[in-house]
2 protein chains.
Amino acid sequence: MTTKPLTVAIAGLGTVGAGTVKLLQEHAGLLAERSGRPIRLKSVSARDRKRDRGIDLSQVHWVDDPLALAVDPEVDVVVELIGGSDGVAKALVEKSLHDGKHVVTANKALLAHHGNALARLAETSGVSISYEAAVAGGIPIIKLMREGLAANRIKRVYGILNGTCNYILTEMRRTGREFADVLEDAQRLGYAETDPSFDVDGIDAAHKLSILASVAFGCEINFAGVHVEGIRHVSAVDIAFAQELGYRIKLLGIASLSDHGIEQRVHATMVSLDTAIAHVEGVFNAVVTIGDYVGQNVAEGRGAGAGPTASAVVADLIDLARKRALPTFAIPASKLARLPVAPMERHYGAYYVRLMVKDRPGVIADVAAALRDERVSMEAMLQRGRAPEEVVPVVITTHETEESSMRRALARIAKLDTVAEPPRMIRIESLTA
Amino acid sequence: MTTKPLTVAIAGLGTVGAGTVKLLQEHAGLLAERSGRPIRLKSVSARDRKRDRGIDLSQVHWVDDPLALAVDPEVDVVVELIGGSDGVAKALVEKSLHDGKHVVTANKALLAHHGNALARLAETSGVSISYEAAVAGGIPIIKLMREGLAANRIKRVYGILNGTCNYILTEMRRTGREFADVLEDAQRLGYAETDPSFDVDGIDAAHKLSILASVAFGCEINFAGVHVEGIRHVSAVDIAFAQELGYRIKLLGIASLSDHGIEQRVHATMVSLDTAIAHVEGVFNAVVTIGDYVGQNVAEGRGAGAGPTASAVVADLIDLARKRALPTFAIPASKLARLPVAPMERHYGAYYVRLMVKDRPGVIADVAAALRDERVSMEAMLQRGRAPEEVVPVVITTHETEESSMRRALARIAKLDTVAEPPRMIRIESLTA
């Protein structure tokens, strides 16, 4: 094996970029031992040269134009940590691949939108794209699925893929406070962005889910085919009812193969307290895979932050130093299947429904009739406290039914005089080992 | 990349061997796609040719002498599934490595006892030993530590490494029954061997722990340096008290680096209900790693059985098909450190102690004095129910202290007139994220 160093350039020196530089420097000896050769950081590029990032860049070339990294003949790998699905990040990755350089990236948006084309480009150029850091940073889930569980046909993969949402839902449960209130705190603490939409509306989790699905099922990435809902509509009262019913509410990304095609969905989900994932709290992420031979596998770790993400970036670099590149999505890009998208209306599952109704005789009978007319079978009904003629919450859980029936039933219920607000629906997942 | 098949021979056709054959046959196409070339099973060897194993061996050579597999020039990889730390398994592995064949094995006893020498032999011969199936079968923990977390200095690794013990402890808690009683059931159900010592006395977990420690810390395997206790002394009353104190009792294997050297221990452990590992139940295994950049990582899955173990064996074969062999214990055998063993007396931690005492005034004062004299600080004391002059359980938990102090205090307590049975001690681990 060669002992020539693997030469690396990093574009983007935010939290993750700076963490990666620090790791490469602090663990240089350890990494050389584990990689069989040194990993040498040759050059970096970022917007502001003067900013103090708490790292020593005295031995590193500073390059103003990130695109210049892509054509440096000495560089073996370009690490893209700029972010964003288009713009400079995309240009840099394309140019690097074209020029025969391996790419390591933490950019889920880029892969979700352009992963198929980039995988083909990498293959044509005889190089690879590594992206362990793009999904659940501290969990080596890409390696787990693409290699560790590679002997299995994966039937289902799901997980807590966004730490911000999990932090908010955990805090809501612990404190009984409402979403907006906890979000404000999270923003102050730096756990949520000023524009939180990307996280709390489920888009970030959907990016990651589309990547997981591709690796799991050997299919092209289909981000447009992900059904996406966020957590803004989850209320403190739902969290309290969930607890009473033996559930926790988590924002899950779920991908599975059904008779109708590939199902990819991101939404608030009730999961039983008996499951491992129910106990994954705060900023932690977790991914569960079900393989036909191995059964259930759960992986849990920090989803973001400088340390965990740098750990993932550098793990990819070690693999490259050892010349262990793989096809981007586990099999050659030309062989990735183009799977039909199962319409969400055909989803089959159980539901939690919360109604705000006027507390008056006959209300429940009307609701029950609407469900019956759409052939939705009630599993339980809860009304806590009495307050005649006032608006009170009523909660219903259903047996498994098709989503289309559920939606029709909810449309009927919404029209009842006694129902004061639009019904709130949260899907219940039966996640057994 | 070559498209010549990877040619494989399997020695040992018990549950795991038969499962591996089935997987290789059933997923042949999938495996070829993911490996970049076919994985071809050429020959097998087992004791009884006539036994019906529910697999089709019509296309496979049957070889009576397993050692013959080691010298077949067509074979690239010998899969050793015979078991046992010596005898045929050892002879086959050595001969195969000598002959320049890669070895894949599920044999933890062999590695625990002879891993260092075998790693050196593999290196000399320019081949590799893969052993994902040897530790926590369904969890790709070797890949996780050796590759996924390779950018980190691992500070601590611990886990539930024996499914039989976890099954027994889970059943004891669920039913309130005693150890011997549940063990008998487990034996009837096939979850425990007729001679259960290997499992319930902690030896199997210790084998696995010694392997994990080597990969985590880059040191030689030191099985003799593992402090091993089993679960025979855990009583239903301890499990009930644990629950009351907010703990579960698990048989954990724990390896860490301390100022005194490497600490490796297997023993019943009280873990807080707040931790992920407390909720890993039945035959499931889990491994937790703490890395300096990545933080805490938890991996959970089935620890044994045909499917999960075959999944691990074949994952190793896929890596070999892709020519992705690595040094046995992450770094070259010659570079593995020989770490001093931290004596168990120097272990620093909290303790649960259960005493069976005569319910009489002054007992607790005597016990408290013994603890005080050895500078052990009590955290809590529980005595449920009164029964003057009868023998009742009293439970004490302590703050963190050195094990030597604890042992001296227990020796004093054992000598008290009012203490009817030898004190029972269970270590409490504070496992925080």
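If you're wondering where the values come from, they're calculated on a predicted model, not measured in any experiment.

## Details of the sheet that holds strand β5 (residues 102-105) of chain A
All names here are of chain A. What the 6 strands build is an open sheet, ordered β3-β2-β1-β4-β5-β6; its pairing is parallel. If you trace the sheet from one side to the other, it starts and ends with β3 (61-62) and β6 (129-130), each paired once. Note that strand β1 (residues 6-11) and strand β2 (residues 39-45) share 6 bridges and pair parallel. Looking at β2, one finds that V8 is bridged to L41.

## Digging into helix α2 (residues 28-35) of chain B
Listed as buried for α2 of chain B are L30, L31, R34 and S35 of chain B. Down the axis of α2 of chain B, the buried set is contained in an arc of 120°. They therefore lie on one face. Contact partners of the buried residues in α2 of chain B: α9 (203-217) of chain A together with α1 (15-26), β2 (39-45) and α11 (306-321) of chain B. G36 of chain B, located one to two residues past α2 of chain B, shows a positive phi value of around 80°.

## Let's talk about the packing of helix α1 (residues 15-26) of chain A against helix α11 (residues 306-321) of chain A
The axes of two packed helices give the description: the angle between them and the distance between them. Residue and element names in this part refer to chain A. Interhelical geometry of α1 versus α11 gives an angle of 60° and a closest axis separation of 8 Å. Between α1 and α11, the crossing angle belongs to the class labelled oblique. α11 is crossed by α1, and the crossing has right-handed handedness. Contacts from T15, V16, G19, T20, L23 and L24 of α1 reach α11 at A306, T309, A310, S311, V313, V314 and L317. Looking at the contact of α1 with α11, its residues break down into 8 nonpolar, 5 polar and no charged.

## A word on the UniProt feature "binding site: NADPH" (unreviewed entry) in chain A
Residues and elements named next belong to chain A. Here, the residues flagged by UniProt with the feature "binding site: NADPH" (unreviewed entry) are K108. Mapped onto the fold, K108 is located in helix α4 (residues 108-125). Given the relative accessible area of 22%, K108 is considered partly exposed. Those residues in contact with K108 that lie beyond four places of it in its chain are A134, D204, H207, K208 and I211.

## Overview of the interface of chain A and chain B
Of the residues lining the interface, 51 residues belong to chain A; the matching set on chain B comes to 51 residues. Buried area between chain A and chain B, summed over both chains or domains, comes out near 4,400 Å², and the portion from carbon and sulfur atoms is 53%. Counting the surface chain A buries against chain B, the share from its top three residues, R34, Y293 and R324 of chain A, is 18%. For the pair chain A and chain B, the number of links is 4 salt bridges. Two residues, E147 of chain B and R324 of chain A, come together in a salt bridge whose shortest N-O distance is 2.8 Å. The interface formed by chain A and chain B contains 19 residue pairs in polar contact (both at pLDDT 80 or more). Counting residues per element, the ones that place at least two in the side of chain A that touches chain B are α1, α2 (28-35), α5 (141-148), β12 (295-302) and α11 of chain A. For the side of chain A that touches chain B, the class distribution of residues is 26 nonpolar, 11 polar and 14 charged.

## As for the nonpolar core
Judged by nonpolar contacts, the single largest core of 150 residues is most densely connected at I168 of chain A together with I168 of chain B. Once you skip the residues sitting within four places of it in the chain, I168 of chain B turns out to touch F179, V182, L183, A186, V200 and I231 of chain B.

## Observations regarding the sheet that holds strand β1 (residues 6-11) of chain B
All names here are of chain B. Taken together, 6 strands build an open sheet; the order of strands is β3-β2-β1-β4-β5-β6 and the sheet is parallel. In this open sheet, the two edge strands, each paired with only one partner strand, are β3 (61-62) and β6 (129-130). Two strands pair when backbone bridges link them, and β1 and strand β4 (residues 77-80) are joined in this way by 4 bridges, in the parallel orientation. Residue pairing for β4: V8 is matched across the bridge by V77.

## Concerning the domain arrangement of chain A
Residues and elements named next belong to chain A. Its domain assignment divides chain A into domain 1 (6-134), domain 2 (141-302) and domain 3 (347-429). Put simply, the middle of domain 2 and the middle of domain 3, counted by C-alpha atoms, are 25 Å apart. Counting residues at the interface gives 19 residues for domain 2 and 15 residues for domain 3. Carbon and sulfur atoms make up 60% of the area that domain 2 and domain 3 hide from each other, which totals about 1,700 Å². Considering only the side of domain 2, the residues that lose the most area to domain 3 are H233, F241 and M270, jointly responsible for 33% of the buried surface there. Here domain 2 is connected to domain 3 by 4 salt bridges. In this structure, R156 engages E429 in a salt bridge whose closest nitrogen and oxygen atoms are separated by 2.9 Å.

Parameters at a glance
Residues numbered from 1 in each chain as written. Chains lettered and ligands numbered in written order. Predicted model: local features only at pLDDT ≥ 70, side-chain atom pairs only at ≥ 80, totals over all residues. Heavy atoms only, no water. Pairing = 2+ DSSP bridges. Helix = DSSP H or I, 4+ residues; strand = E, 2+ residues; numbered from the N terminus. Buried < 20%, exposed > 50% of the residue type's maximum accessible area, 1.4 Å probe, protein only. Arc of directions from axis to C-beta. Contact = heavy atoms within 4.5 Å. Axes fitted to C-alpha atoms, helices over the stretch in contact; angles between N-to-C directions. Parallel < 35°, antiparallel > 145°, perpendicular 65-115°, else oblique. Left-handed = near helix turned anticlockwise from the far one by under 90°. Nonpolar A, V, L, I, M, F, W, Y, C, P; charged D, E, K, R; others polar. UniProt positions renumbered as here; feature names shortened; annotations may be inferred. Buried area = accessible area lost by both parts, 1.4 Å probe. Salt bridge = Lys/Arg side-chain N within 4 Å of Asp/Glu carboxyl O. Polar contact = N/O pair within 3.5 Å; in protein donor to acceptor, adjacent residues only side chain to side chain. Core = buried A, V, L, I, M, F, W, Y, C linked by side-chain atoms within 4.5 Å. Domains from an automatic or database assignment.

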